[in-house]
Amino acid sequence: MDLDNIAARLGVAVEDVERVHRLAGDRPSAPLPAKADAPAILDRLAVPPDDAAEIMAGWPDPGDPQWTPELRWLLDRSVALVGADLGGHGWLPPGPELPRERGLAWRHLYVYAYLALVDVVMGYHRDHGVAEAVSWATLADLGRNLAVDRRMRGEGWPVMQAWLTLHARGGLFELGRLQHQRGETSLDLHIPDAGPLSAEAVTASLDEARAFFPRHFPDEHYTAFSCGSWLLDPQLLEYLPGDSNIVRFQQRFELEPYEEPEGLDPDVEVLRFAFRSLTTPLDRLPRGTALQRAVIDHLQAGRHWHWRRGHFPI
């Protein structure tokens, strides 16, 4: 196997290909679902019609010339890489970022990897007694993220492709309003783009998690909920009313000492969440909500947002 040649044909760094080869090793992969079953699966995963049509059009049928040997190798080894860490809960990029403008196979390769892992992770969920409704609600974050990426004209996917390996390994569960990522001693909270962050919905999700994890993962012992997000930046208090959902969410947490996050630009993350755009000039962004106005005014004043971590006892 010539990894240098694979990297050159994929247009990525050889180090990225070597990483996939090293982590996947000679472990077995998992097959894609039957193509005839794919539309129903995509529907259950909340994949929007435009994205579903592209995924079906780019399906890796045998002999399809768009699926070159190096793309088929990367798909197979990415599935093996992620599947080898079933039950893992750390950040795990499935492979290198690809030049997606080269075609549907390139654009959706990691979607096909996700689809190949659906049966694998569903089996893992069943082994732990997780209700099918929770499984599908968790895995349907694929559709939500594809919709965001389409809205952002492809600017969202480099982050999302690694994020979604948490779902495909059983490392994260969506319980009501919040997503709960398994950790060492804490459950890390994530806030999907799924409507208002009301205090009542947050409390209900936390209560569900308090019952869910001891029931389905009795050997794991969590002492705290934690969260790392710009939503915990105290600077938001300068702009938002005291009874806003974000402020009430902040008030649950004891903040940890501030550390500049490595490899993460909080200003970019705020723009990604609040506007789903990284390229629109500030003076052309919508100001329809208090949060949007806060983000714009803060950045126009030459200030920056901070990524903060906090926790509170379970």
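Structure's up top.
To keep things clear, this report deals only with the structure shown in the data block. All values reported here derive from a predicted model rather than from experimental measurement.

Conventions used here
- Residues numbered from 1 in each chain as written.
- Predicted model: local features only at pLDDT ≥ 70, side-chain atom pairs only at ≥ 80, totals over all residues.
- Heavy atoms only, no water.
- Salt bridge = Lys/Arg side-chain N within 4 Å of Asp/Glu carboxyl O.
- Helix = DSSP H or I, 4+ residues; strand = E, 2+ residues; numbered from the N terminus.
- Core = buried A, V, L, I, M, F, W, Y, C linked by side-chain atoms within 4.5 Å.
- Buried < 20%, exposed > 50% of the residue type's maximum accessible area, 1.4 Å probe, protein only.
- Contact = heavy atoms within 4.5 Å.
- Phe/Tyr/Trp six-rings, centres within 6.5 Å; stacked < 30°, edge-to-face > 60°.
- Lys NZ or Arg CZ within 6 Å of the ring centre and 35° of its normal.
- Arc of directions from axis to C-beta.
- Polar contact = N/O pair within 3.5 Å; in protein donor to acceptor, adjacent residues only side chain to side chain.
- Pairing = 2+ DSSP bridges.

1. Description of the pattern of salt bridges
Alright, step 1. On inspection of all chains with the given rule, the structure shows 17 salt bridges.
Alright, step 2. Here Arg169 ties to Asp85 by a salt bridge, and the two come within 2.5 Å at their closest N and O atoms. Separated by 84 residues along the polypeptide, Arg169 in helix α10 (residues 157–169) and Asp85 in the loop between α5 (69–83) and α6 (104–107) bring together distant segments of the chain.
Alright, step 3. For the salt bridge of Arg144 with Glu174, the shortest nitrogen-to-oxygen distance reads 3.2 Å. A residue pair is termed long-range when its members are at least 10 positions apart, and Arg144 in helix α9 (residues 141–151) and Glu174 in strand β1 (residues 172–175) qualify at 30 residues.
Alright, step 4. Here the salt bridges share partners, and the residues they tie into one network are Asp51, Glu54, Arg107 and Arg150.

2. As for the nonpolar core
Alright, step 1. Of all hydrophobic cores here, the largest spans 51 residues; its most connected members are Leu45, Ile55 and Leu115.
Alright, step 2. Residue contributions to this core peak at 12 residues, all from helix α7 (residues 109–127).
Alright, step 3. Residues in contact with Ile55, not counting those within four places in the same chain, are Leu42, Val47, His108, Val111, Tyr112, Leu115 and Leu146.
Alright, step 4. Grouped together as the second largest cluster of nonpolar side chains are 39 residues, Cys227, Leu232, Ile246 and Leu285 included.

3. Side note on unusual backbone geometry
Generally, phi is negative for residues other than glycine and the peptide bonds are trans, each holding for most cases.
Alright, step 1. The backbone phi angle of Ala46 is positive, close to 60 degrees, even though this residue is not glycine.
Alright, step 2. Looking at the secondary structure, you find Ala46 in the loop between α3 (38–44) and α4 (49–57).
Alright, step 3. The backbone of Arg276 shows a phi angle near 55 degrees, a positive value even though the residue is not glycine.
Alright, step 4. Using a relative accessible area of 11% as the deciding quantity, one classes Arg276 as buried.

4. Here's the deal with the packing of aromatic side chains
Alright, step 1. This model, assessed by the stated rule, comprises 14 aromatic pairs.
Alright, step 2. When the centroid spacing of 6.4 Å and the interplanar angle of 35 degrees are considered together, the rings of Tyr124 and Phe217 count as tilted. Taken as a pair, Tyr124 in helix α7 and Phe217 in the loop between α11 (199–216) and β4 (224–229) lie far apart in primary sequence, 93 residues in all.
Alright, step 3. In this structure an aromatic cluster arises from ring pairing among Tyr124, Phe173, Phe212, Phe213, Phe217 and Tyr222.
Alright, step 4. Over the face of the ring belonging to Phe217 we find Arg182, whose NZ or CZ atom lies 4.1 Å from the ring centre.

5. Topic: helix α1 (residues 3–10)
Alright, step 1. Residues of α1 that are buried: Leu3, Ile6, Ala7 and Leu10. Along α1, the residues classed as buried sweep out an arc of 100 degrees about the axis, all on the same side. Across α1 from its buried face, at more than 90 degrees, point the exposed residues Asp4 and Ala8.
Alright, step 2. The secondary structure elements touched by the buried residues of α1 are α2 (14–24), α5 and α6.
Alright, step 3. Here α1 starts with a cap whose side-chain oxygen sits 3.1 Å from the backbone nitrogen of Asp4, and that cap is Asp2.

6. What about the sheet that holds strand β2 (residues 178–181)?
Alright, step 1. The mixed open sheet is built from 6 strands, whose spatial order is β1-β2-β3-β4-β6-β5. Strand pairing shows two members of the sheet lacking a second neighbour, β1 and β5 (254–255), which therefore form its edges.

7. Some words on α4
Alright, step 1. Along α4, the residues classified as buried are Asp51, Ala52, Glu54 and Ile55. The arc that holds the buried residues of α4, viewed along the axis, is 160 degrees, so those residues lie on one side. Exposed and oriented more than 90 degrees from the buried face of α4 are Pro49 and Ala57.

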